[in-house]
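Tertiary structure, described
In case you want the letters, here they are:
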Amino acid sequence: MKYLLVAIALSLSCKMQLTPESIAKSWHAYQDAKKDLTPENEYYVGRSVATNLLSRASYKYVEADAFKTGELGPSTAYVNAVGNVLAAAAMGASRKDDRPSPIAGWHFVIVDDDTINAFAAAGGFILVNKGLVKAAKSEDELAAVLAHEIAHTVRGHAIGSIKKSRMAGVYKEMLNNTVQLDEAQLGTLTKAFEGAMDDMIDGMVVKGYSRDTEFEADRVGIKILADAGYDPQAFLRLLETLEKKQGGGKGGFSATHPSAKDRIAKLETEAAKLEKRKVPKVRVERFKNAVADL
Amino acid sequence: MRRILFVLLLTAGIAIAAPKVGSSITIRVLSAKVMKTPKFIGSTAGSVSRGDQLVVKEVQGDWYRVEGSSSGWIHKSNVAEGKVTLSSTPGGGTGKVNQEEVELAGRGFTPEVEKKYRDKNPNLDFAHVDAIEKTSIDPAELEAFVAEGKLQ
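Worth saying up front: this structure is predicted, and the values here are computed from it rather than measured. (Residues numbered from 1 in each chain as written. Chains lettered and ligands numbered in written order. Predicted model: local features only at pLDDT ≥ 70, side-chain atom pairs only at ≥ 80, totals over all residues. Heavy atoms only, no water.)

A few words on the interface of chain A and chain B. Taken together, the 75 residues of chain A in the interface contact 61 residues of chain B. Summed over both partners, the interface of chain A with chain B comes to about 5900 Å²; 66% of that surface belongs to carbon and sulfur atoms. Linking chain A to chain B there are eight salt bridges. Taking the shortest distance from any N to any O, the salt bridge between Arg47 of chain A and Asp130 of chain B comes out at 2.9 Å. The tally of links from chain A across to chain B stands at 22 residue pairs in polar contact (both at pLDDT 80 or more). Elements that contribute at least two residues to the side of chain A that touches chain B include exactly helix 2 (20-31), helix 3 (39-56), helix 4 (64-68), helix 5 (74-93), strand 1 (107-111), helix 10 (171-175), helix 11 (183-206) and helix 16 (281-291) of chain A. In terms of residues, the side of chain A that touches chain B owes the most to one element, helix 3 of chain A, which gives 13 residues. By residue class, the composition of the side of chain A that touches chain B is 44 nonpolar, 20 polar and 11 charged. (Contact = heavy atoms within 4.5 Å. Buried area = accessible area lost by both parts, 1.4 Å probe. Salt bridge = Lys/Arg side-chain N within 4 Å of Asp/Glu carboxyl O. Polar contact = N/O pair within 3.5 Å; in protein donor to acceptor, adjacent residues only side chain to side chain. Helix = DSSP H or I, 4+ residues; strand = E, 2+ residues; numbered from the N terminus. Nonpolar A, V, L, I, M, F, W, Y, C, P; charged D, E, K, R; others polar.)

All names here are of chain B. Side chains of strand 1 (residues 24-27) alternate between two faces, with Ser24 and Thr26 and Ile25 and Ile27 buried alike. Judged from the three bridges that link them, strand 1 and strand 4 (residues 53-60) form a sheet pairing that is antiparallel. Bridge pairing in strand 4 places Ile25 opposite Leu54. Relative to strand 7 (residues 79-81), strand 1 is paired through three bridges, and the arrangement is antiparallel. Bridge pairing in strand 7 links Ile27 to Val79. (Buried < 20%, exposed > 50% of the residue type's maximum accessible area, 1.4 Å probe, protein only. Pairing = 2+ DSSP bridges.)

See the structure below:
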């Protein structure tokens, strides 16, 4: 009840026409910002988060020179092919409450970092560390990594990590439908944008998402993997590899994810529901060729 | 009160139902391929850009067969319903934002806000993400990649 009253009050304060749609929208947004950020909003968030993450890696990423000429280098083109096949499967699934297609498409970057980790920066920008690509043993295992990150994006986990209190503070400006905002309003939004960056990077790099959020990314990710035609069991094989490589270590993904052992236990039930597929030699071979120079 | 709220939410939900045949849609993403068949991976019939307006000729689930600057199939997640005047910069370029764009894209995080954020953080180099987002993979190449890898 109190949310509805707040929504109505905010709508009135913004001189909006009070329609059922606007009331419903206000109520949704006050409850959960990720449902109200438009794909356009998410695009700018994603660009800035990706830039912050690349900055942390001193802008070192594989085949950076090719990007400058508008091309994809061979390893990056391969990872983008795998990623876009998965993204097509994700968008085609039309799950309830999934985010729509990113405004600027899906982009996958191999960060020149041997730490085992990957990040979904929102807005379709996905960064995977070289260390994680090399830890995978086949295209299907690489696809499992990317499917997990695509799942974070389509489920809105990054933008969902923006603190509700921060969004509530800018809610009036977000609902303001006048064409020009004044400097004070822009200042308020920019401050919230900076805070949103902090929240999201904190969630991705420092504290990690909640265990339930990670399990959801695994659950949705393995479905995306299978829908794209890959072997869902590859997800479990990858987690077993990661468990062996990092064990009880504290670096990379271990700092921000539940243990691989717990993830496997949660995922086995989901994997059992999906059709097992043989991994053809061609996928193993083309994976080896594509990552040989990393 | 819960019943009223349910009705309100249902009303909002109805607003995003599939478009009718003969109605218009507007491309919302920066660019998209119009496909020869209703699927993401395959042969393309043409390309469209943000703001292009097309007429719906047929609806198959989440795919719309459209006619306009390009004719073929496009997925619902790439479009906004109706005719909307959109600038090529999502959320409106500086000084070019219009009422329709504000209503569609919403306030919050826009090009103006990104610019202010960049001004306050000059150490961040956005040239990298600018270059990254300009790259793309042709759906026809993806089709060959899928076939070679015996996917599906």
